[in-house]
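Reading the structure
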Amino acid sequence: MLRPPDTVAEANEVTDGQVERRVKEGQTLQGELAILQNRKVNKPKNTRLRFNLEKLKDPRISEVFQATVGSKFAPLLQLDEDLEAITNNFNSVMTETADEVLGKSQRKSKPWVTDFILELCDKRRNQKKKKNTPDGRAEYRKTNKDIRREMKYAKQRWITKQCTDIEENLAFNNTKKAFQLVKDLTKEKQAKVNSIKDKRGNSLTEEKEILERWTEYCSELYTHQSRWTEYCSELYTHQSRGDPSLLNVEEPTNEDAYPILRDEVVAAVDSLRSGKSAGVDNIPSELLKHGGESTINMLTIICNKIWQTGEWPNPWTQSLIIVIPKKGNLQLCQNYRTIKLDQPCQQSNAQIILDRLKP
C-alpha cells in the first residue's frame, strides 16, 4: 500500500502518468487521491482593473469622487517626499477611490446587455440561496422570467439601432463607418491560441516559456528597427548649417527658473483621449479628468520633480504590450500586431515636455 505524501512538494512531484501506471499495476488509490487533493494549482492573478466609468457621467457621483480624492490628497500635498513615494501614493489613492466610489465594471458577454439586466442578474444570484422555501422559489422564478423578457427586448432594440446606424452612415456617404459596423456584426470569433512556436518551430505551452518567447520576439523586433534607423542615418548623412554654439546649454540644476505651470498640466490632461485602455497603473484618463483640482495639483508636483531632477519615476517606466491577432497561423509571433499601452499620467507629462520643445 502506498503511503500518503509527507509534504506538498512531494505531492506535486507525482504526475498523472505515474498515477495511471500505479493503477494499472494494481496498487490502491488511497495514497493517489491524497496526492491529487494536496496539489496546488497556481493560476495567474489578474491585475487588470476595469472601473465603472459610466457613473462619472452623473454630476453627483463625479462630485463625490472629486471630494474623496481631495480629502486623501490633502495630507500628501504637505509632505516633501521623494519622487517614487509620491507617484506610488498617487496611484494608490486614485485606484482605491475609484474602487470605493465607482466600483468595478461588470463584463458584458453580449453587447445588448444593459445595466438594468445586470442588476436583475445580481438580484437573481442573491435569491438563489433562498430557493428552498416556497416564497424564495417563486421570487427566483419571477426574476428569472424578467431577465429573459428584458434580454429579448434589449436584443431587438440593439439590432434595430445597428441597422439604423448603418442606414444613416450610408445616407451621409460615411462608408467607412457603415462597413465597420457590418464587419463587427458578421465577423467570426477567433479561438484563443494557448501555444506559441519558438524559432525552431517547437510548440511552447507553458506560460513562462510563452512569456520568454514574446520577450525575445519584441526585443529582436525593436532591435531590428533601431539598426534600420542607424542604417538610414548613415545612408542619408548631411552637414549641419546651424550655429554649433546653440548646443552649449547649461547643466541642469534643481533650482529651475521656469517650473511647469498648473495650466500646462490642465492642458495636457484635457488633451488625453477618453475611452482608452489604462496602463499598468489601472488609471484611465477619465479619472484624471474628473479628479478635480487636487489631482491637478499632485500631477503638477510630480511633473516639476521630473523636470527639475531629470529622473523618471519607476512606475511610469512600465508599459503593457497587447498582441492583436492578424491573418495566418496564430502560433507564430509575427502574425500578431503589438500595441503598447502607456499610462495617462506618463502621457500627460510627455505632452508637457513636447509642448515646451515645440517653440
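A brief look at the structure comes next. Model, not experiment: these values are computed from the prediction.

With that settled, consider the overall build of the protein chain. Assigned secondary structure in the protein chain consists of 13 helices and 4 strands. Taking all 359 residues of the protein chain together, 28% fall into the buried category. Across the protein chain, the fraction of contacts at a sequence separation of at least 24, relative to all contacts at a separation of at least 6, is 66%. Here the protein chain has roughly 26,000 Å² of accessible surface; of this, 51% comes from carbon and sulfur atoms.

Attention shifts here to the packing of helix α12 (residues 292–309) against helix α13 (residues 344–357). Running from N to C, α12 and α13 cross one another at 55°; their axes reach a closest spacing of 11 Å. As far as their axial angle goes, α13 and α12 are oblique. The interaxial crossing formed by α12 with α13 has right-handed handedness. Residues Leu299, Cys303, Ile306 and Trp307 of α12 touch α13, and the partners they reach there are Cys345, Asn349, Ile352, Ile353 and Arg356. Its residues assigned to classes, the contact of α12 with α13 shows 7 nonpolar, 1 polar and 1 charged.

Here we come to the nonpolar core. Across soluble globular proteins, nonpolar side chains have a tendency to be buried as a group. Ranked by internal contacts, the top residues of the largest apolar core, which has 31 residues, are Phe65, Phe73, Phe90, Met94, Leu287 and Leu288. Elements with a contribution of two residues or more to this core: α4 (59–77), α5 (83–101), α10 (262–270), α11 (285–289), α12 and α13. With 7 residues, α5 is the largest single contributor of residues to this core. Contact partners of Leu288, with chain neighbours within four places excluded, come to Phe90, Met94, Val269, Leu272, Ile283, Thr295, Leu299, Pro344 and Cys345. Within the second largest apolar cluster, 9 residues are counted, among which are Ile196, Trp214, Cys218 and Tyr336.

Here we take up the pattern of salt bridges. All chains considered together, the criterion is met by 14 salt bridges. One salt bridge in this structure joins Asp146 and Arg149, with 3.1 Å as the shortest N-O distance. Here Asp146 and its partner Arg149 are both found in helix α7 (residues 134–171), 3 residues apart, which amounts to about one turn of the helix. Using a relative accessible area of 36% as the deciding quantity, one classes Arg149 as partly exposed. A salt bridge links Arg356 to Glu264; the shortest N-O distance between them is 2.9 Å. Taken together, the positions of Arg356 in helix α13 and Glu264 in helix α10 put the pair 92 residues apart, joining distant regions of the chain. We classify Glu264 as partly exposed; its relative accessible area is 22%. Via salt bridges that share partners, Lys199, Arg213, Glu216 and Glu220 belong to a single interconnected network.

Along the chain, Ser348 turns up in helix α13. On the basis of relative accessibility, which here comes to 1%, the residue Ser348 falls in the buried class. Not counting residues within four places of it along the chain, the set of residues in contact with Ser348 comprises Ala268 and Leu272.

About the cut-offs
- Residues numbered from 1 in each chain as written.
- Predicted model: local features only at pLDDT ≥ 70, side-chain atom pairs only at ≥ 80, totals over all residues.
- Heavy atoms only, no water.
- Helix = DSSP H or I, 4+ residues; strand = E, 2+ residues; numbered from the N terminus.
- Buried < 20%, exposed > 50% of the residue type's maximum accessible area, 1.4 Å probe, protein only.
- Contact = heavy atoms within 4.5 Å.
- Areas by Shrake-Rupley, 256 points an atom, 1.4 Å probe, with all protein chains shown as cover.
- Axes fitted to C-alpha atoms, helices over the stretch in contact; angles between N-to-C directions.
- Parallel < 35°, antiparallel > 145°, perpendicular 65-115°, else oblique.
- Left-handed = near helix turned anticlockwise from the far one by under 90°.
- Nonpolar A, V, L, I, M, F, W, Y, C, P; charged D, E, K, R; others polar.
- Core = buried A, V, L, I, M, F, W, Y, C linked by side-chain atoms within 4.5 Å.
- Salt bridge = Lys/Arg side-chain N within 4 Å of Asp/Glu carboxyl O.

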